[in-house]
Amino acid sequence: EAAVTQSPRNKVAVTGGKVTLSCNQTNNHNNMYWYRQDTGHGLRLIHYSYGAGSTEKGDIPDGYKASRPSQENFSLILELATPSQTSVYFCASGDLGGRDTLYFGAGTRLSVL
Amino acid sequence: QQQVRQSPQSLTVWEGETAILNCSYEDSTFDYFPWYHQFPGESPALLIAIRPVSNKKEDGRFTIFFNKREKKFSLHIADSQPGDSATYFCAASSNSAGNKLTFGIGTRVLVRP
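The structure contained in this document is the topic of the report that follows. Values in this document were obtained by computation on a predicted structure and should not be read as measured data.

So, how was this worked out
Residues numbered from 1 in each chain as written. Chains lettered and ligands numbered in written order. Predicted model: local features only at pLDDT ≥ 70, side-chain atom pairs only at ≥ 80, totals over all residues. Heavy atoms only, no water. Contact = heavy atoms within 4.5 Å. Buried area = accessible area lost by both parts, 1.4 Å probe. Salt bridge = Lys/Arg side-chain N within 4 Å of Asp/Glu carboxyl O. Polar contact = N/O pair within 3.5 Å; in protein donor to acceptor, adjacent residues only side chain to side chain. Helix = DSSP H or I, 4+ residues; strand = E, 2+ residues; numbered from the N terminus. Pairing = 2+ DSSP bridges. Axes fitted to C-alpha atoms, helices over the stretch in contact; angles between N-to-C directions. 1 Å grid on protein atoms, 1.4 Å probe; cavity = no way out; pocket = protein on both sides within 12 Å on 5 of 7 lines; lining within 4 Å. Points joined across faces, edges and corners; volume = space filled by probe spheres on them. Nonpolar A, V, L, I, M, F, W, Y, C, P; charged D, E, K, R; others polar. Disulfide = S-S within 2.5 Å. Buried < 20%, exposed > 50% of the residue type's maximum accessible area, 1.4 Å probe, protein only.

## A closer look at the interface of chain A and chain B
Counting residues at the interface gives 22 residues for chain A, matched by 21 residues for chain B. For the pair chain A and chain B, the summed buried surface comes to about 1,700 Å²; carbon and sulfur atoms form 51% of the total. For the pair chain A and chain B, the interface holds one salt bridge. The salt bridge partner of B:Lys100 is A:Asp59, with a shortest N-O separation of 3.3 Å. Here chain A and chain B share five residue pairs in polar contact (both at pLDDT 80 or more) between them. Those elements giving two or more residues to the side of chain A that touches chain B turn out to be β4 (31-38) and β5 (42-49) of chain A.

## Observations regarding the sheet that holds strand β6 (residues 56-59) of chain B
Residue and element names in this part refer to chain B. Ordered by their spatial adjacency, five strands build an open sheet running β1-β3-β8-β7-β6, and the pairing between neighbours is antiparallel. Strands at the two margins of the open sheet, each flanked by one partner only, are β1 (4-7) and β6. Adjacent strand axes in the sheet meet at a mean angle of 15°, parallel and antiparallel pairs treated alike.

## Here's the deal with the layout of surface pockets
Empty space within the largest pocket amounts to approximately 660 Å³. Lining the largest pocket we find 29 residues, and of these A:Gln37, A:Thr39, B:Gln38, B:Thr87 and B:Arg108 sit closest to its centre. Of all the secondary-structure elements, those providing two or more residues to the lining of the largest pocket are β4, β9 (87-94) and β11 (108-112) of chain A together with β9 (86-92) and β11 (107-112) of chain B. Class assignment of the residues belonging to the lining of the largest pocket gives a composition of nine nonpolar, 15 polar and five charged.

## Description of the state of the cysteines
Residue and element names in this part refer to chain A. With the rule as written, the count across this model stands at two disulfides over all chains. Between the sulfur of Cys23 and that of Cys91 lies a disulfide, 1.9 Å long from S to S. One disulfide, between Cys23 and Cys91, carries an S-S torsion of -80° and so falls in the left-handed class. On the criterion of sequence distance, the pair formed by Cys23 in strand β3 (residues 19-25) and Cys91 in strand β9 is long-range, its members being 68 residues apart. As far as burial versus exposure is concerned, Cys23 and Cys91 are alike and both buried.

Structure follows, in structure tokens:
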């Protein structure tokens, strides 16, 4: 069974603060993704990675950075958090990119006050 | 810019009826079309997927119908059960665009007993 673990599961941050969301996968998948889920918008891709050391911009990258230091770990960084970044964030991993099953983590609920 | 349009946003059916969820797309390079489902409080998970070499894909009570000419695809849930109540997301990806999945906004399905 594929395993994608996100931390923290819940986070409350202050406007202007730095937030780091972490994701670890034990599937040895090359590709990892960060999505945010908002009512009325579905799942929107923020950043993704093809492997250690690589990061690519998704459809809504503004205000976010990503880091892929190893095959297993992929982080999403909000340098200056804003209330508009209040959302549920999902990390996912997969092989063959979007051509194969994406395995999602349990999600991180972020509130920026 | 919404590359994958999904409708309706919500759908209520009675147990035993067929639920029909619709999606359309604009990018003619899209060539992989999965459906994910998400139960309340859980993360999305792959339900069924189709590639345009065929215009129909069945898996039990779930069927994807694909119309390449009209750039439309739909999910039919036959003999709907209360346990099918969830949010369903259609998605699409393109081999020429990094294989990243673009999701629709989701359809919340409620099956009444």
